[in-house]
Amino acid sequence: MTKMLGSVTGVDEAEIALSGRVDIIDLKDPKAGALGAVATEIIGQVTSFIAGRAPVSAVCGDLPMEPETIRAKAEEIAATGVDYVKIGFFPSANAAACAEALAPLAARTKLIAVLFADLAPDFELLPVFAKHRFHGAMVDTANKANGRLLDHLPPERIPGFIDRAKSLGLMVGLSGSLEAPDIPRLLPFAPDFLGFRGALCGHSGRTGSISAEAVSQIRELVPEESRAGGPSSVDYRLLAARGYSPGTDPTLGTDKIFVRDFVLPVQIGAYSFEHGHTQKVRFDVTADVLQVTDHPEDMRHVFSYDIIMDGIRTIVARGHIQLSEALAEQVATYILENPRVVRVTVRVEKLELGAGGVGVEIERKRQAAGRGVASGPAGRKDQSAVSQPRQERPEVIRPTIVKLGGSTARAAEMENWIAALASSRLPIVIVPGGGQFADQVRESQIYMDFSDIAAHAMAILAMEQFGQIILDRHERLTPARSLEEMLQALDAGKVPVWLPSSLALPAPDIPASWDMTSDSLAAWLAGKLGAKALLLIKQTGAFFGSDTIDSLAVRGIVDAGFAAMLPDGVDFHLAGPKDAAEAGALLAAGNLPGIAIAPPIRPARKAG
């Protein structure tokens, strides 16, 4: 769930923010620049006042990119006891050296690197931050008079930043003069937090004081998590705009939300002469949207047409599309992922192939409950047909499948996890993630324009690369390419590490799509082995006992095809970095680390 970060200048504003249920209290002086720092004594006062009721972050100031200067200031801020220290990384040849200088501090304090959308941010620094154990990265704007975040980082570029940061195990945030209408546009990208200052100050501007009314207005647009032991305070009207609709009343009728004559340059076409360049394509989209109230007043009550345009831009940005029909289907499926949309008409018209326009118009309606949600370069697909029934193997002990996420490869916890798994008392099969090796495939596909079939094969081989690293760490671990080799290893008291290419590549029930990452392959293997449980080890702790598989998929913690691929009867667990320390003792005692996640609700089968 995306959190709300609110920037304050001292105790008085912190009290307003805390009363307004802001998730993260952030300290900065807006009069001193984009990341103007407040005095350390004020940071200490606010930290004492908050007293653990909410996480506290503080910025280091707009500092020159000098490693020792930045390290000294970050150490000073960290000494106040804040939960997060935010450090601005301005364009500089010294940026990597500054990150390296902060590595010792990052081992004991959560550091957040701030890049600036209006200063040509270098996203190649993300692996550098991960290498030096930063906790997270965010994008802000440096010149607040020069536009909002979306003016400099368009929606189609945001998923790339967020996906890459999360794949590296980094917490991800977005900020930069955000206003209320930006929130429903940014929430579908599932950042870990959205940051606000000016929007909390009402009409007084970011250098004025925040107001309780303005804080409340923003808070109602960012759905809250359920508080432990208390009722949920989620605003379901807003959740409906993110893919939830528990309170929608169909008796209110529908509104037609439309986008007309929306023209973009698109890489499209099946002919060779259409490859290697763009051509103008016009989109006309009409969505029939269920109303949530008959008295709409603000952004909570509407389905924004910006979401439609952002979705089209994001799909187009993925690269070359062969057919107009395929493009129309992807747009329709994207829009229908929102449960409030019951029908959508999409018209795709190529404008440069003759005197008139040519193209296709399709109409699609909402499918029955249980439809799979998918995303990625291959488009969003119905995954309901690939759900695997659990195959019982009564002659052998039912193992536990453990997927060790590739993002752990850059984390200090990796060695703890491998040692714990190698010493497990439970019979387990390790499935390696793709991690940085799969990230290289994703990036190469963008620039080299190869098919999803090729990318699928390369991503599976990426899993094998991380698998070899795992195998290199402990003598009890042994490679296994077939089900028979896994069972033989378990019988011999070994821990098999699955090298998946031999089984997964020819499997007809594994689609060649980025929707099927190592998460879904681990679930597929659980079905083939009749597994008792499935444990996914992630380099993130942003999940909760109240989560469902659907909510995890919305936030990108599990892949889009996972729910459909997970067999019935398999216990599903998630573990993160905080679970690594105790994992060895738990597994040695025959128990799984992490938390259990409720199984997905499957649509009932009809007789006949």
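Residues numbered from 1 in each chain as written. Predicted model: local features only at pLDDT ≥ 70, side-chain atom pairs only at ≥ 80, totals over all residues. Heavy atoms only, no water.

For the rest of this paragraph, the subject is helix α3 (residues 67-78). Each α-helix winds once per 3.6 residues, and so residues spaced three or four apart point in a common direction. Between its terminal C-alpha atoms α3 stretches 16 Å, which fits the 16 Å expected from 12 residues at 1.5 Å a residue. Those residues of α3 not exposed but buried are I70, A74, I77 and A78. Projected down its long axis, α3 carries its buried residues within an arc of 95 degrees, all on one side. Buried residues along α3 sit against α2 (40-50), β3 (56-59), β4 (84-88), α4 (95-101) and α5 (103-106). (Helix = DSSP H or I, 4+ residues; strand = E, 2+ residues; numbered from the N terminus. Expected span 1.5 Å × (residues − 1). Buried < 20%, exposed > 50% of the residue type's maximum accessible area, 1.4 Å probe, protein only. Arc of directions from axis to C-beta. Contact = heavy atoms within 4.5 Å.)

A word on the confidence of the model for the protein. With 89% of its residues at a pLDDT of at least 70, the protein reaches an overall mean of 84. Scored below 50 in pLDDT, residues 368-395 shows 86 contacts in the model against residues more than four places distant or in partner chains. Counted against residues more than four places away or in other chains, residues 604-608, with its pLDDT under 50, gives zero contacts. (pLDDT = per-residue confidence, 0-100.)

Right, let's talk about the sheet that holds strand β10 (residues 279-290) for a bit. The sheet built from four strands is open, its strands ordered β9-β10-β11-β12 with antiparallel pairing. Looking at strand neighbours, the two that pair on one side only are β9 (254-266) and β12 (358-365), the edges of this open sheet. Across the sheet, the mean angle from the axis of one strand to that of its neighbour is 10 degrees, orientation sign disregarded. Bridge analysis of β9 against β10 gives 11 bridges, and the strand direction is antiparallel. Bridge assignment links V266 to a residue of β10, and that residue is Q279. The strands that helix α12 (residues 305-316) touches are β9 and β10; relative to β9, the one it contacts most, it runs at about 35 degrees. Sheet strands in contact with helix α13 (residues 324-336) are β9, β10, β11 (341-350) and β12, and its direction is about 155 degrees off that of β11. (Pairing = 2+ DSSP bridges. Axes fitted to C-alpha atoms, helices over the stretch in contact; angles between N-to-C directions.)

In this section: the environment of A526. Within the secondary structure, A526 is located in helix α19 (residues 518-529). Considered as a pair, A526 and V570 are 44 residues apart in the sequence and their alpha carbons are 7.6 Å apart.

Moving on, we get to the environment of S216. Summarising the element assignment, S216 is placed in helix α10 (residues 212-219). Among the residues examined, S216 registers a relative accessible area of 32% and is labelled partly exposed.

This part covers the packing of helix α14 (residues 413-422) against helix α22 (residues 580-588). Two elements in contact, α14 and α22, have axes whose closest approach is 8 Å; the angle formed by their N-to-C orientations is 5 degrees. As judged from the angle between their axes, α14 and α22 are roughly parallel. Facing α14, whose interface residues are E413, N416, W417, A420 and L421, α22 presents A580, A583, G584 and L587. Residues of the contact of α14 with α22, tallied by class, amount to six nonpolar, two polar and one charged. (Parallel < 35°, antiparallel > 145°, perpendicular 65-115°, else oblique. Nonpolar A, V, L, I, M, F, W, Y, C, P; charged D, E, K, R; others polar.)

Here we take up α14. Judged by how many residues are buried, α14 sits mostly within the fold: seven of 10 residues are covered. Residues of α14 that are buried: E413, M414, W417, I418, A420, L421 and A422.

What follows covers the pairing of β4. Of all five residues in β4, five are buried; the element is thus mostly enclosed. Of the two faces of β4, both are covered, the one formed by Y84, K86 and G88 as well as the one formed by V85 and I87. Relative to β4, β3 runs parallel, the two being bridged by three bridges. Bridge assignment links A58 to a residue of β4, and that residue is V85. Each parallel crossover has a hand, and for β3 linked through α3 to β4 it is right-handed. (Right-handed = clockwise from strand over helix to strand, strands pointing away.)

What follows is about the sheet that holds strand β6 (residues 136-140). Read around the closed barrel, eight strands run β1-β2-β3-β4-β5-β6-β7-β8, paired in parallel fashion. Neighbour-to-neighbour, the strand axes of the sheet open up by a mean angle of 25 degrees, direction not taken into account.

A separate point is the side chain of R219. Looking at the element boundaries, R219 is found in helix α10. A distance of 3.1 Å separates the side chain of R219 from the side chain of D23, its partner in a polar contact. (Polar contact = N/O pair within 3.5 Å; in protein donor to acceptor, adjacent residues only side chain to side chain.)

Side chains of strand β16 (residues 495-498) alternate between two faces, with V495 and V497 and P496 and W498 buried alike. When strand β15 (residues 477-480) meets β16, the two strands line up parallel, connected through four bridges. Of the residues in β16, the one forming a bridge with A480 is W498.

Core analysis: the biggest nonpolar cluster contains 82 residues, and I87, F89, F129 and F134 have the highest contact counts within it. Per-element tally for this core: the top contributor is strand β5 (residues 110-116), with six residues. Beyond its immediate stretch of four places on either side in the chain, F89 contacts M65, A95, C98, A99, L102, A113, V114, L115, F116, F129 and F134. Judged by nonpolar contacts, the second largest core, of 38 residues, contains I460, L490, L529 and F562. (Core = buried A, V, L, I, M, F, W, Y, C linked by side-chain atoms within 4.5 Å.)

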